[in-house]
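Here are the chains, one letter per residue:
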Amino acid sequence: MPILHVKNRAVACRGILFDKDGTLLNLMATWGSWAELVLRAMDDQLTLSGLRLAERLPGILGTRHSAGGKLSGYDPAGPLAMATAEETYGILAWQLYAAGVPWNEAIARVKSIDKEANHELRRRRTAEPLPGLLPFLERCEGAALKLGVVTSDGGRTTGEHLEWLGISGYFRSVVTRERVRTGKPAPEMAELACRELDLLPAETVIIGDSNADMQLGKGAGLALCVGLCAEDGGSAHLLDADVIIRDFSELRISV
């Protein structure tokens, strides 16, 4: 059985599960671009209506902004990093409702804004792999490890992002939010992925950038929960990680 080496640990495993946003792809490049488009559109709509957002921009989706208002980072424990599409709709619609827009109209506006933002991302094919990811996936394939994705994102965007990154062929199981009854941090996504990959939890590792990923792994009884902290915000949010890395170059596989 292949051995995954990380820091001072060596864990026998036959498969690895990956979160998507912030783990496989650079969250700022994709969802940061999306957030800029969405927040600008919301602000423009309200300005035209003589209204103002209920909160400052950084407070809405957990984004951080420079003094000039440019998006510069995000809270890894915040909505941009962890919320489902439905949860994000609710967060954004509440801002419009609190500014004076009727709730049904607020939901409709948010869905329209999201649709336009995603259309622009598709036009740009905006996706960047995390440092060291592509060589690591090649090493996993060489070691005959079974790989899966467990993500709170939807099926369509997940498929698009994996295709844009050129890595969809590595994954034999892709579990998105609509495929399970209960999303992260519940263990159901990992359990389904293990079944589809014909893996036992005790021979499976998970890599993710949020504590919900770590809790999912613990709940499913996975062999190791690897927290990935690629941003500069620190790793304090990865409370349940067994080990924390900065990039994939810290992982080694032996057979």
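Relevant structure appears above.
The rules we used
- Residues numbered from 1 in each chain as written.
- Predicted model: local features only at pLDDT ≥ 70, side-chain atom pairs only at ≥ 80, totals over all residues.
- Heavy atoms only, no water.
- Pairing = 2+ DSSP bridges.
- Helix = DSSP H or I, 4+ residues; strand = E, 2+ residues; numbered from the N terminus.
- Expected span 1.5 Å × (residues − 1).
- Buried < 20%, exposed > 50% of the residue type's maximum accessible area, 1.4 Å probe, protein only.
- Arc of directions from axis to C-beta.
- Contact = heavy atoms within 4.5 Å.
- Phe/Tyr/Trp six-rings, centres within 6.5 Å; stacked < 30°, edge-to-face > 60°.
- Axes fitted to C-alpha atoms, helices over the stretch in contact; angles between N-to-C directions.
- Parallel < 35°, antiparallel > 145°, perpendicular 65-115°, else oblique.
- Left-handed = near helix turned anticlockwise from the far one by under 90°.
- Nonpolar A, V, L, I, M, F, W, Y, C, P; charged D, E, K, R; others polar.

## Notes on the pairing of strand β1 (residues 3-6)
- Relative to strand β2 (residues 9-12), β1 runs antiparallel, the two sharing 4 bridges. Bridge pairing links L4 to V11 in β2.
- Sheet topology places β1 next to strand β11 (residues 251-254); 4 bridges connect them, and they run antiparallel. Note on β11: the bridge partner recorded for V6 is L251.

## Concerning helix α5 (residues 103-124)
- Taking 1.5 Å as the rise per residue, α5 with 22 residues should run 32 Å; its terminal C-alpha atoms sit 32 Å apart, in good agreement.
- Burial in α5 covers these residues: A106, R109, V110, I113, D114, A117, N118, E120 and L121. Viewed along the axis of α5, the buried residues span an arc of 165°, placing them on a single side of the element. Seen from the buried face of α5, the exposed residues on the opposite side, beyond 90 degrees, are N104, K115, E116, H119 and R123.
- Considering only its buried residues, α5 is in contact with α1 (27-48), α4 (85-98) and α7 (155-165).
- Looking one or two residues beyond α5, the residue adopting positive phi is R125, at roughly 55°.

## Considering the packing of aromatic side chains
- Under the definition given, this model contains 7 aromatic pairs.
- On the basis of an interplanar angle of 45° and a centroid distance of 5.4 Å, the ring pair of W94 and Y97 is categorised as tilted. Taken together, the positions of W94 and Y97, both in helix α4 and 3 residues apart, correspond to about one turn of that helix.
- Classification of W94 by relative accessible area gives partly exposed; the value is 44%.
- Of the residues examined, Y97 reaches a relative accessible area of 41% and is grouped as partly exposed.
- Here Y97 and W103 contribute two aromatic rings whose centre-to-centre distance is 6.0 Å and whose plane-to-plane angle is 85°, an arrangement assigned as edge-to-face.
- Members of the aromatic cluster, connected to one another through ring pairs, are F18, F136, F171 and F248.

## Re the packing of α1 against α4
- With their axes 11 Å apart at the nearest point, α1 and α4 run at an angle of 25° to one another. By the angle between their axes, α1 is roughly parallel relative to α4. In this structure, α1 meets α4 at a crossing whose hand is right-handed. Contact residues: α1 offers W34, V38, L39, M42 and L46, while α4 offers T88, L92, Q95 and L96.
- A per-class count over the contact of α1 with α4 returns 7 nonpolar, 2 polar and no charged.

## As for unusual backbone geometry
- Note the cis peptide between K184 and P185, where omega equals 10°.
- You can see P185 is positioned in the loop between β7 (173-175) and α8 (188-197).
- Here A144, not a glycine, exhibits a phi torsion of approximately 60°, which is positive.
- Within the secondary structure, A144 sits in the loop between α6 (133-142) and β6 (146-150).
- Looking at A144, the relative accessible area reads 60%, which means it is exposed.

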